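Commentary on secondary and tertiary structure
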Amino acid sequence: MSVANHVIGEQITLVDGHVCSGASIPASAVYAEYGVLMMAPASVNSKLTDAAFANGWPTIMRLYARDDNQGKMVGAWMADRYKGKTIAFVHDKSTYGKGLADQIKSNLNAAGVHEILYEGINPGEKDYSAIVGKLKAAGVEVLYYGGYPTEGGLILRQAADQGVKFQMVTTSGFVTPEFWAIAGTAGEGTLFPFVRDPVGLETAKHVVNELRAAGLAPGGFTLFSYATVQALAEGVRRAGTTDGLAVAHALRTGGPVATVFGPVAFDAKGDAEGMTYEMNVWRDGRYGTLR
């Protein structure tokens with residue numbers, strides 16, 4: 001909220017961000033009050049745009065997928081793949097991590113598959129041996145971890161140090177190289193959902209080549225943020241102004257916007273349409289689509 005108030009003070013009217021749901025949701029109330037258009041390129045929590053819609057805040061939008069879509073997809077996928085396995089849920093108590101864990105748990109349970117353990121951890125700690133011990137004692141074969149790569153990587157590394165093995169399924173936030181830097185080879189085989197990677201799309205080719213030529217990696221959330229700027233710029237062109245309310249109206253009513261993902265349109269809640277997930281896997285320090 002302090003960042004959002006700083007943005008307001010600088011008389012900025014268009015925002016690419018914030019990254020995490022825990023920042024985007026409280027910041028959205030500040031932006032909405034002042035008519036600033038915030039388009040989030042990575043925040044998944046459905047409450048972001050649900051609350052904006054309910055409150056009549058047209059300037060809160062998202063160019064990424066929602067956690068309820070992720071919950072449905074991963075919950076059903078886990079129920080099919082791991083039926084009969086001993087499953088546990090661990091989350092970091094954050095809006096993002098717990099929100100996803102709850103969504104996936106709900107969908108898993110609805111499919112008739114139930115967990116043996118549901119626990120929260122405190123993010124920012126260095127020692128997660130206590131939760132590793134609980135997973136070991138419960139004979140957990142599959143762990144869904146709701147949270148960020150730092151803690152998830154530490155849990156896997158400390159489990160490996162204790163000789164504890166389980167399959168980790170986790171969040172879309174694990175797309176970052178930070179995860180492998182922390183987990184190392186203990187991260188091998190870790191599974192996570194991510195929206196279809198646009199790197200190989202013809203609509204992204206020029207941008208990907210320019211980024212690589214500049215020594216920048218186009219993976220992770222980079223192209224989502226790029227597409228957000230493309231959408232904001234097109235909204236300004238259509239509206240003929242940088243006024244947040246006018247730009248939001250132009251984007252919501254003016255049809256699809258050309259982006260690195262191809263044409264993107266926004267629904268009544270301000271969410272980008274057509275954003276679907278696919279499962280990815282970490283192998284040898286890189287992630288790719290699970291085949």
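Quick look at the structure, then.

So, how was this worked out
Residues numbered from 1 in each chain as written. Predicted model: local features only at pLDDT ≥ 70, side-chain atom pairs only at ≥ 80, totals over all residues. Heavy atoms only, no water. Helix = DSSP H or I, 4+ residues; strand = E, 2+ residues; numbered from the N terminus. Buried < 20%, exposed > 50% of the residue type's maximum accessible area, 1.4 Å probe, protein only. Contact = heavy atoms within 4.5 Å. Areas by Shrake-Rupley, 256 points an atom, 1.4 Å probe, with all protein chains shown as cover. Lys, Arg positive; Asp, Glu negative; His and termini not counted. Charge placed at Lys NZ, Arg CZ, Asp CG, Glu CD. Core = buried A, V, L, I, M, F, W, Y, C linked by side-chain atoms within 4.5 Å. Axes fitted to C-alpha atoms, helices over the stretch in contact; angles between N-to-C directions. Parallel < 35°, antiparallel > 145°, perpendicular 65-115°, else oblique. Nonpolar A, V, L, I, M, F, W, Y, C, P; charged D, E, K, R; others polar. Phe/Tyr/Trp six-rings, centres within 6.5 Å; stacked < 30°, edge-to-face > 60°.

**Concerning the overall build of the protein**
Across its full length, the protein carries eleven helices and twelve strands. Expressed along its principal axes, the backbone C-alpha trace of the protein runs to roughly 60 × 40 × 35 Å. Of all 291 residues assigned to the protein, the portion counted as buried reaches 50%. Counting contacts in the protein only where the partners sit at least 6 residues apart, residues at least 24 apart contribute 65% of the total. With the model as given, the accessible surface of the protein reaches about 12900 Å², and the carbon-plus-sulfur share is 52%. Charge centroids of the protein, computed over 25 positive and 28 negative side chains, lie 6 Å from each other.

**Description of the nonpolar core**
The biggest cluster of nonpolar side chains holds 75 residues, and the ones touching the most others in it are L63, M78, Y144, I155, V169 and F266. With near-sequence residues (within four places) excluded, V169 lies in contact with V74, W77, M78, Y82, V142, L143, Y144, Y145, L191 and M279. V30, Y31, A32 and A52 belong to the second largest nonpolar core, which has 14 residues in total.

**Digging into the packing of helix α10 (residues 222-239) against helix α11 (residues 244-253)**
Running from amino to carboxyl end, α10 crosses α11 at an angle of 100°, the nearest separation of the two axes being 8 Å. As judged from the angle between their axes, α10 and α11 are roughly perpendicular. From α10, A231, L232, G235, V236, R238 and A239 reach across to α11, where they touch A246, V247, A250 and L251. Of the residues in the contact of α10 with α11, the class split is eight nonpolar, one polar and one charged.

**Brief notes about the packing of aromatic side chains**
Using the criterion set out here, one finds 17 aromatic pairs in the structure. When the ring of Y64 is compared with that of Y277, the centres are 6.4 Å apart and the planes differ by 90°; the resulting orientation is edge-to-face. Here Y64 is found in the loop between β3 (60-62) and α4 (67-81), whereas its partner Y277 is found in strand β11 (residues 277-283), with 213 residues between them in sequence. With 6.2 Å between their ring centres and 75° between their planes, Y145 and F174 make a pair best called edge-to-face. Of the two residues, Y145 sits in strand β6 (residues 142-146) while F174 sits in the loop between β7 (167-169) and α8 (178-183), which places them 29 residues apart along the sequence.

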